[in-house]
Amino acid sequence: MNPIVSRCVLGLALLAGCTSTQSENTPSDAAANVAPSERPSLPKARATPAPPVFAPAPAADAPLDPNGIARRYMGRQIARVQGHESAAHFERATREAEERPDLLLKALNLKPTDEVADIGAGTGYLSFRLAPLVPQGQVFAVELQPQQMLRLTNDVMSRRLTNVKPVHGTTQNPNLAPNSVDVALMVDAYHEFAYPKEMLAGVVRALRPKGRVVLVEYRAEDAKIPVKAVHKMTTEQCRKELTAAGLAFREARETLPRQHLLIFEKLPE
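Summarised in this report is the structure supplied together with it. (Residues numbered from 1 in each chain as written. Predicted model: local features only at pLDDT ≥ 70, side-chain atom pairs only at ≥ 80, totals over all residues. Heavy atoms only, no water.)

### As for the pairing of strand β7 (residues 207-219)
What counts, and what does not: Two strands are counted as paired when DSSP detects at least two bridges linking them. For the purposes of this entry, the term helix denotes a DSSP run of H or I that reaches at least four residues, the term strand denotes a run of E that reaches at least two, and both are numbered from the N terminus. Viewed with both strands pointing away, a crossover whose connecting path from the first strand over the helix to the second turns clockwise is right-handed.
Two elements, strand β6 (residues 181-187) and β7, share six bridges in a ladder whose sense is parallel. Bridge pairing links Met186 to Leu215 in β7. Each parallel crossover has a hand, and the one from β6 via helix α8 (residues 196-206) to β7 is right-handed. As defined by bridge partners, β7 adjoins strand β8 (residues 232-233) across two bridges and the pair is classed as parallel. Across the sheet, residue Tyr218 finds its bridge partner in β8, namely Lys232.

Pasting the structure below:
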């Protein structure tokens, strides 16, 4: 056959082997006869990502009480601190009849050798009443504000009290030594802690085995008590927060005119 004619016949045969339906991503018949391990890998098509699923927006928080701060803990708004400016209120003559601190001190059932922490001591109203009950022990008057610390220190010196020790705490730490306290007393103070979780962790560390936390808070269940709502707590809320800190609830004594008296105990480690 003429060489030119042969080349033309070969070209027509090659052209006939190509079909219009074959794409560049479709393997040829020849490739189909190659073992799978020898076939060239083809790029995998990318899966179209599913559209993101958005959770419904959480409901807006309830309006903040202006007597509190812009922070909540376990559903409760934290109260604004009543500081040294309220010293006259803490030392008011009517407090004895309104709150009966004598009943509170009796309920503590302290031993003479007990080491007691008065956390949020303020003016020392309770610290100085605790001192005679623990003559062989000690009262740690824990306070945050420098003005109150100065007043506490001066009053301890002027009263010549050898078993009351002012302790300068912080918003996150009572600065008490580990395993040093038999009873931690918090009277109308806990609801103002800006960092309750951290403070409670410090209190628990300071407690000795079987050590007690005595929490005294105005009853939120009673609207007639003349105290701003954010400065009150319910028994349920108190128990929820302190048990979350690793304390065991032991007893509620509703013997005070306006306040809950709740007793918790340190759990074994």
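### Side note on helix α7 (residues 146-159)
Stated formally: Helix span is expected to be 1.5 Å times the residue number reduced by one. Throughout this description, buried means an accessible area under 20% of the type-specific maximum (1.4 Å probe, protein chains only), exposed means over 50%, and partly exposed covers the range between. The directions from the helix axis to the C-beta atoms are what the arc is built from. It only takes one pair of heavy atoms within 4.5 Å for two residues to be counted as in contact.
Taking 1.5 Å as the rise per residue, α7 with 14 residues should run 20 Å; its terminal C-alpha atoms sit 20 Å apart, in good agreement. For α7, the complete set of buried residues consists of Gln148, Met149, Leu152 and Val156. The buried residues of α7 all sit within an arc of 100° when viewed along its axis, so they share a single face. Exposed residues on α7 whose side chains face more than 90 degrees from its buried face are Pro146, Leu150, Met157 and Ser158. Looking at the buried side of α7, the elements it contacts are α3 (87-90), α6 (127-130), β4 (138-143) and β5 (164-168). Immediately downstream of α7, the backbone of Arg160 shows phi near 55°, a positive value.

In short, shape yes, function no, at least from these values alone.
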